[in-house]
Amino acid sequence: MRSVIFYLILVNLILTGCKPKPDSVSSINQMIWGKEGEAAIKLFTLTNRKGMEVRITNFGGIITSVRVQDKNGKMENVVLGFDSLSGYQGTHPYFGSLVGRYANRIANGKFVLDGTPYTLAVNNGRNHLHGGLKGFDKQVFRVDTAYASRDSVLLALTYLSADGEEGYPGNLKVRVTYVLTGENEIRIWYDAETDKPTVLNLTNHSYFNLTACRENILSHEMVLMADSITPADSTLIPTGILSPVSGTAYDFTTAHTIGERIDDVPGGYDINYKLRNRTGQLVQAAEVYEPASGRLLQVFTTEPGIQFYTGNFLDGSLTGSNGLRYDKHSGFCLEAQHFPDSPNQAQFPTAILRPGEKYRQLTIYRFTVRP
Ligand code: GLA
């Protein structure tokens, strides 16, 4: 009997090659990852039926790893991050984070809403960046729902941002729902409601590297469905105009490698593109292909803009997952969002939320391979 069982296990191992089985069931697992103050922090592992695996923590709603197949079926992590919670609790450039209350910059940390001036925490030179000194990326989220169905895996986190937090008006109830679909998509739904007029701009700040950090990102080929950018001053506050990309190093309306013209952009890319949707419908925003692995990332969003950032401030001082050293251009971000400084720029799509209104955003990161 024992030898029969041994034989069956052996046959199973040979057949599966110890790899995740294609079309196996999806699952969600959780473990206690550490503590933030008195709060227990969890790490969730979402696995779909194709074996794609995404890890998310309720600390900062952070996506800590995304393991997807390359053209040979090899599963590797394609985002920058840390192996332990302490990495995220320390200073880092928003790896995988859920950024809020206002992603990107607000000039001088000031804005006026319905005639009332507000002053926000200033944490980026003279400006407010990514929610301030303690943005959503450093907050503990409540775990609302975690389940796996046959086709997809879902994790919903909630956070109550109190009236006055980092200077923002209104109690803001935020819910972010991560869905890993059976088609290798990470769908991120953001919902929010407020009890006073406020401004908000939520995004995910994942840094991607489709080579799994074997190489930097400069040979990734990218298309952006965007015809103009919001040029910015030396502190990265938009000047207020829209500038066509045509004929410039910012033009990704047809495929170019990220590195091809990066030297023409002082400091590297860190710029907001205006997408081709004015009405909040879901549109494709970007497509990034990495030839050696065959991995293709497509981004879809309901947002009016996307910040393209090439990890210009990484300097080799951060040691990330698997002991990797993150350097300049180790990863790129495609942060679907409202335009920077919208609260001060009336001509930009509005980022105001009022009581009784519902904020809703959907952004999708879809992973496939080209043979
Ligand atoms: C965004 C900003 C960058 C930088 C990074 C975080 O992408 O636009 O300027 O602040 O976040 O380091």
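One can find the structure itself at the top, above this paragraph.
Computed from a predicted model, the values in this text were never measured in an experiment.

Attention shifts here to the sheet that holds strand 29 (residues 359-369). Pairing within the open sheet is antiparallel, and its nine strands lie in the order 11-12-13-14-29-23-22-17-20. One side of each edge strand has no neighbouring strand; the edge strands of this open sheet are strand 11 (142-148) and strand 20 (256-257). Sheet topology note: the strand 11/strand 12 (residues 152-161) ladder contains six bridges and is antiparallel. Looking at the pairing, V143 lines up with L157 of strand 12.

Contacts to the ligand come from 13 residues, most closely from R105, H130, H205, D270 and E335. The contact in question runs from an oxygen atom of the ligand to an N or O atom on the side chain of H130, over 2.8 Å. In the environment of the ligand, an oxygen atom lies 2.4 Å from a nitrogen or oxygen atom belonging to the side chain of D270. Starting from 300 Å² of accessible surface for the ligand in isolation, the protein chains cover 95%. Across the shell around the ligand, the residue classes break down as seven nonpolar, three polar and three charged.

We describe a pair of aromatic rings using the distance from one ring centre to the other and the angle between the two ring planes. Taken as a whole, this structure holds 18 aromatic pairs when the rule is applied. Ring centres of W33 and Y88 lie 6.0 Å apart, and the angle between their planes is 45°; this geometry places the pair in the tilted category. In this pair, W33 sits in strand 1 (residues 27-36) while Y88 sits in helix 2 (residues 85-89), placing the two residues 55 residues apart along the sequence. You'll find W33 and Y88 in the same group, each marked buried. Taking 5.0 Å as the distance between ring centres and 40° as the angle between the ring planes, the aromatic pair formed by Y269 and F308 counts as tilted. One end of the pair, Y269, is in the loop between strand 20 and strand 21 (270-275); the other, F308, is in strand 24 (residues 305-309), and 39 residues separate them in sequence. The pair Y269 / F308 is uniform in exposure class, with both members buried. Of note, R261 hangs over the ring of F252, and the distance from its end group to the ring centre comes to 4.8 Å.

A few words on the side chain of H338. When you line up the elements, H338 lands in the loop between strand 27 (333-337) and strand 28 (352-353). Within the local environment of H338, its side chain forms a polar contact with the side chain of E303, the two groups lying 3.1 Å apart.

As a further point, take the pairing of strand 21. Across the six residues that make up strand 21, a large majority, six, are buried. Of the two faces of strand 21, the one carrying D270, N272 and K274 and the one carrying I271, Y273 and L275 are both buried. Where strand 18 (residues 226-229) meets strand 21, three bridges bridge the pair, whose relative direction is antiparallel. The residue bridging S228 from the neighbouring strand is K274, located in strand 21. By the bridge criterion, five bridges tie strand 21 to strand 24 in an arrangement that is antiparallel. Bridge assignment links I271 to a residue of strand 24, and that residue is F308.

Criteria and cut-off values
Residues numbered from 1 in each chain as written. Predicted model: local features only at pLDDT ≥ 70, side-chain atom pairs only at ≥ 80, totals over all residues. Heavy atoms only, no water. Pairing = 2+ DSSP bridges. Helix = DSSP H or I, 4+ residues; strand = E, 2+ residues; numbered from the N terminus. Near = heavy atom within 4 Å. Polar contact = N/O pair within 3.5 Å; in protein donor to acceptor, adjacent residues only side chain to side chain. Areas by Shrake-Rupley, 256 points an atom, 1.4 Å probe, with all protein chains shown as cover. Nonpolar A, V, L, I, M, F, W, Y, C, P; charged D, E, K, R; others polar. Phe/Tyr/Trp six-rings, centres within 6.5 Å; stacked < 30°, edge-to-face > 60°. Buried < 20%, exposed > 50% of the residue type's maximum accessible area, 1.4 Å probe, protein only. Lys NZ or Arg CZ within 6 Å of the ring centre and 35° of its normal.

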